[in-house]
Amino acid sequence: MPVGREGSISSQELRRAFVDFFVAKSHKAQPSATLIPDAMSTTLFTIAGMEQFVPAFLGEVPPPAPRVVTVQRCLRVAGPKSDIENVGRTGRHGTLLEMMGNFSFGDYYKREAILWAWEFLVDHLRFPADRLYVTVHANDDEAQRLWETEIGLPAARITRFDEDNFWTMGPTGPCGPCSEIFYDTGAEHASGPADTGPNLGNRYVEIWNLVFQQFNRTADGTLHDLPRKGIDTGAGFERTLAAANGKASMFETDLFTDLIDAQPSPGPSTLSAAERLVRRRIVADHARAVTFLVADGVFPSNTVRGYVCRFLARRAIRNGKLLGYPSGFLTALVPHVVRSLESGYPELRGAVSRIEQAVGSEELAFNKTLERGSELLSGLLERAKCDGRPLSGADVFTLHDTSGFPSELTREIAAEAGVGVDLPGFEAHMEAQRTRARADAAKKRAVVSVADIPAIVSLYTGYEGLETDGTILSLLQGDVTVDTIVDGNEAQIVLDRTSLYAEKGGQLGDRGVLVGGDGAIFTVLDTQFAGEAIVHRGVLSGGPLTVGETVHAAVDPLWRQEIRRHHTSAHLLQHALRETLGDDVVQAGSWVGVDRMRFDFRSPAGALTPGQRRDVIAQVNALIRDDHHLVTDVMTPSEAAASGAISMAGEKYGDRVRVVRAGPAVEFCGGTHAVTTGELGMFVILSESSIGSGIRRIEAVVSKAAETFVLEQQETVATLAETLSSKPANLVERVERLQADVRDLQKAMTDFKARLAGADAGSYVERAEDVSGKRFVGAVVSDANAEALKALAGAIRQKMPSGVVALAGVDGDTVSLLVTVSDDLVKGGVHAGNLLKAAAPSVDGRGGGAPAQAQGGGKKPAGAAAAIAAIRTALAP
């Protein structure tokens with residue numbers, strides 16, 4: 001039934017209407033992918049509806065259906081598709097956006113895409129036809145003809161552009177000419193007299209982009225024909241919703257008005273009314289983005305995607321502070337965001353608790369950051385002013401990386417202080433960090449180029465057994481496909497079927513052998529996915545091996561045995577953690593190897609207490625002793641969720657999933673596992689630590705690795721007991737007594753040094769200088785740490801009640817600095833902290849303190865004398 005401009009249409013109604021329209025035209029409704037794109041993607045986040053279908057457009061995997069319809073959540077915060085600077089200031093830019101799209105994989109093409117887009121807008125949403133304009137690519141005569149002859153659109157309402165009508169997702173990937181549909185919002189919204197058509201200003205709003213996918217752009221910029229032409233359309237959900245309701249701004253639709261109304265009333269502020277509205281819109285937009293990021297498994301941190309989540313959360317919080325909002329306002333908005341979006345994304349309902357926890361923790365952390373960072377920034381700005389230079393990129397990066405202080409906030413505060421900022425230097429440091437963070441992934445991706453492999457889907461048979469026969473479909477040496485490899489060649493082999501598990505879900509790839517004729521043995525050192533192809537990397541002995549040849553694939557049984565046991569232990573551990581700490585425990589990652597496993601999780605309570613750690617270990621070992629037989633079922637994701645199986649936030653699942661049940665531990669999992677929990681033997685935690693804001697990591701071992709660890713620990717305890725002449729059971733008491741003895745000796749040594757310092761103090765006072773009428777003792781002290789300097793300075797002060805004492809203690813490769821100022825000189829304006837700041841650069845250090853006493857240090861002993869000289873100079877008027 002047509003809906004739209006005769007009345008109003010809600011966001012929920014528009015989503016449903018779009019999907020229903022295309023389902024009626026034989027499209028398969030596909031759920032939205034998460035905001036985390038495929039590992040081979042060139043984008044940090046999902047930025048387009050077609051992104052989850054890139055492998056299908058490239059011909060690497062079969063499409064889910066010839067025709068597909070989706071409503072895809074997207075995040076645009078960086079790169080050419082970024083809208084961050086315009087968010088809240090225009091009516092059509094946001095960070096979290098939804099993209100309605102219909103797709104064809106070699107089925108229909110331009111004609112149907114154009115006809116159906118027009119039908120949906122005009123007949124179903126009842127857009128006035130005379131307010132719709134289109135653009136086409138400069139060379140696309142076919143699209144121009146279709147608009148004129150099939151739709152009857154006057155040529156005057158069709159404009160041709162070149163780059164603006166050639167769509168790309170990024171520097172590489174599927175691309176092609178496009179035709180965009182614009183809605184005329186009216187002359188009152190024109191940017192000026194020249195705003196008379198699409199792409200000339202704000203009056204004409206793009207609401208639908210019909211992309212005619214026909215090329216694949218490779219890294220060198222070359223355009224190659226796709227295996228089959230396709231259709232990829234993207235109708236901006238927020239813009240369409242606004243236009244369908246006669247609004248010029250998406251912030252006037254129910255997607256945002258409810259969130260703006262849910263915010264606290266603004267407090268006293270110097271902002272104008274218009275600027276306050278902009279800030280409220282920014283808060284609403286960023287709250288939506290952060291809610292979806294956390295739901296998709298991206299939590300605030302200082303690396304890659306986590307940094308973007310943190311940036312958006314803190315930008316929202318800071319805007320709220322400028323509006324006078326109380327602490328905790330962003331957390332309070334989370335349920336409102338979920339209510340606004342849950343009809344289209346029901347998975348949000350089950351994520352409310354962890355989203356609130358993550359946002360609440362970030363609000364608390366940012367409040368502390370503002371206090372700590374502001375103090376540090378003040379010192380850096382003061383130093384920059386004294387030196388007459390801008391704030392260095394290294395300083396801005398340090399504030400960002402170690403204190404979590406946003407660079408945007410640093411720039412704003414620096415500008416208020418009249419100090420410039422070295423932004424290129426900051427970006428250089430950020431890029432270096434990104435490069436480090438992506439290095440491991442880049443190495444993994446460099447193993448094989450997907451573009452060099454034909455569209456292959458390898459069948460994995462390893463659930464049924466360790467051996468199978470497979471046919472060689474592709475051979476690669478480096479990035480080059482070859483027909484044959486010979487003895488000694490390092491290569492990558494793709495089979496049509498294999499029993500070797502390709503690394504996925506944190507489980508290490510299998511090792512083993514591929515055995516061919518004539519004594520050819522290909523030793524597999526690693527197994528990885530490339531698209532849907534399983535790639536075996538290794539070296540050939542004997543041979544040769546040729547494409548089309550059949551080989552026998554066999555997994556190294558000991559390698560697989562220990563990996564599957566450690567994988568099962570990860571499931572048991574997650575169950576025990578949730579039993580001990582509650583259901584708010586959320587897996588954040590894992591790695592399963594031969595000799596250990598890592599399990600990362602978000603914990604609402606921080607580090608495990610000793611008692612909690614004992615409980616977790618006891619529960620896992622009890623499940624091992626119970627010898628549960630593992631059961632695996634294959635079902636739909638909804639059936640799996642209904643069964644109580646735990647899924648991992650942000651993970652992509654297909655139409656059918658494997659569910660592994662190990663006693664009470666039930667999870668979505670495509671990995672390999674033990675036959676029974678009893679196989680694991682024993683579970684031992686090696687370590688538990690923090691790896692990020694709110695994220696804990698447990699490293700543990702089972703089976704042979706656990707046995708080896710326990711034996712080594714027993715040997716260590718026995719050796720210590722013998723060395724300390726103690727029984728193993730009494731070791732703790734024995735060590736505590738030794739520690740007490742050491743403390744007593746250290747105290748005695750400190751007292752002895754203090755007496756020596758008192759004896760030496762007189763000689764220092766005798767050498768006191770007169771600096772501008774003030775007595776000054778400045779000296780470099782050898783073999784002296786900070787405690788020794790304090791004792792010496794105290795002794796000098798007793799003999800010299802008025803004056804300045806400045807000491808630099810050299811202890812190996814470190815330098816300790818100490819400055820004390822008598823009360824009378826403090827009243828006269830002498831400041832110990834300022835004197836120390838003048839000295840610190842000489843020893844490549846830092847420090848500060850109160851007017852009467854300041855301390856610091858550095859790592860340049862050769863500059864100790866220069867540091868004392870700097871204090872002497874600073875003391876003089």
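In short, a report on the structure. Computed from a prediction, not measured in an experiment: that's the story for all the values here.

1. So, the nonpolar core
- Formed by 107 residues in total, the largest nonpolar core has its most connected members in Leu75, Trp147 and Trp208.
- The element contributing the most residues to this core is helix H10 (residues 352-387), with 10 residues.
- In this structure, tryptophan 147 is in contact with Ile114, Trp118, Val134, Val136, Gly152, Leu153, Ile158, Ser179, Ile181 and Leu210, ignoring residues within four places of it in sequence.

2. Structural notes on the side chain of glutamate 679
- Relative to the helices and strands, glutamate 679 resides in the loop between strand S25 (665-668) and strand S26 (683-692).
- At a separation of 2.8 Å, a polar atom in the side chain of glutamate 679 contacts the main-chain amide nitrogen of valine 675.
- Aside from chain neighbours lying at most four places away, what touches glutamate 679 is Arg564, Arg565, Ala674 and Ser703.

3. Some remarks on helix H9 (residues 329-341)
- For H9, built from 13 residues, the straight-helix expectation of 18 Å at 1.5 Å per residue is met to within 8% by its first-to-last C-alpha distance of 19 Å.
- The principal kink in H9, of about 25 degrees, is found at proline 335.
- Of all the residues in H9, the buried ones are Phe329, Leu330, Thr331, Leu333, Val334, Val337, Val338, Ser340 and Leu341.
- At its buried positions, H9 is contacted by helix H1 (11-23), strand S3 (96-105), helix H6 (254-262), helix H7 (273-295), helix H8 (304-322) and H10.

4. Focus on the sheet that holds strand S24 (residues 657-662)
- Taken together, the three strands give an open sheet; going across it, the order is S23-S24-S25, and neighbouring strands pair in antiparallel fashion. Here the strands that pair on one side only, and so sit at the sheet edges, are strand S23 (631-635) and S25. The sheet shows a mean angle of 20 degrees between the axes of neighbouring strands, taken without regard to direction.
- With four bridges joining them, S24 and S25 adopt antiparallel strand pairing. Considered in S25, the bridge of arginine 661 is made with valine 666.

5. Observations regarding the packing of H6 against H9
- At their nearest, the axes of H6 and H9 sit 10 Å apart, and the two run at 160 degrees to each other. Compared by their axis directions, H6 and H9 come out roughly antiparallel. Where H6 crosses over H9, the two elements pack in a sense that is right-handed. Side by side, H6 and H9 meet where Leu255, Leu259 and Ala262 of the first sit next to Leu333, His336, Val337, Ser340 and Leu341 of the second.

6. Comments concerning unusual backbone geometry
- Proline 544 follows glycine 543 through a cis peptide bond whose omega is 5 degrees.
- As for its position among the elements, proline 544 is in the loop between strand S18 (533-541) and strand S19 (545-546).
- Positive phi, normally seen in glycine, also occurs at arginine 126, with a value near 60 degrees.
- Inspection of the secondary structure assignment puts arginine 126 in the loop between helix H3 (110-124) and strand S4 (132-137).
- Even without a glycine there, the phi angle at serine 703 is positive, about 55 degrees.
- Following the sequence through the fold, serine 703 ends up in helix H17 (residues 703-723).

What counts, and where the lines are drawn
Residues numbered from 1 in each chain as written. Predicted model: local features only at pLDDT ≥ 70, side-chain atom pairs only at ≥ 80, totals over all residues. Heavy atoms only, no water. Core = buried A, V, L, I, M, F, W, Y, C linked by side-chain atoms within 4.5 Å. Buried < 20%, exposed > 50% of the residue type's maximum accessible area, 1.4 Å probe, protein only. Helix = DSSP H or I, 4+ residues; strand = E, 2+ residues; numbered from the N terminus. Contact = heavy atoms within 4.5 Å. Polar contact = N/O pair within 3.5 Å; in protein donor to acceptor, adjacent residues only side chain to side chain. Expected span 1.5 Å × (residues − 1). Bend = angle between axes of the 7 residues up to and from the residue. Pairing = 2+ DSSP bridges. Axes fitted to C-alpha atoms, helices over the stretch in contact; angles between N-to-C directions. Parallel < 35°, antiparallel > 145°, perpendicular 65-115°, else oblique. Left-handed = near helix turned anticlockwise from the far one by under 90°.

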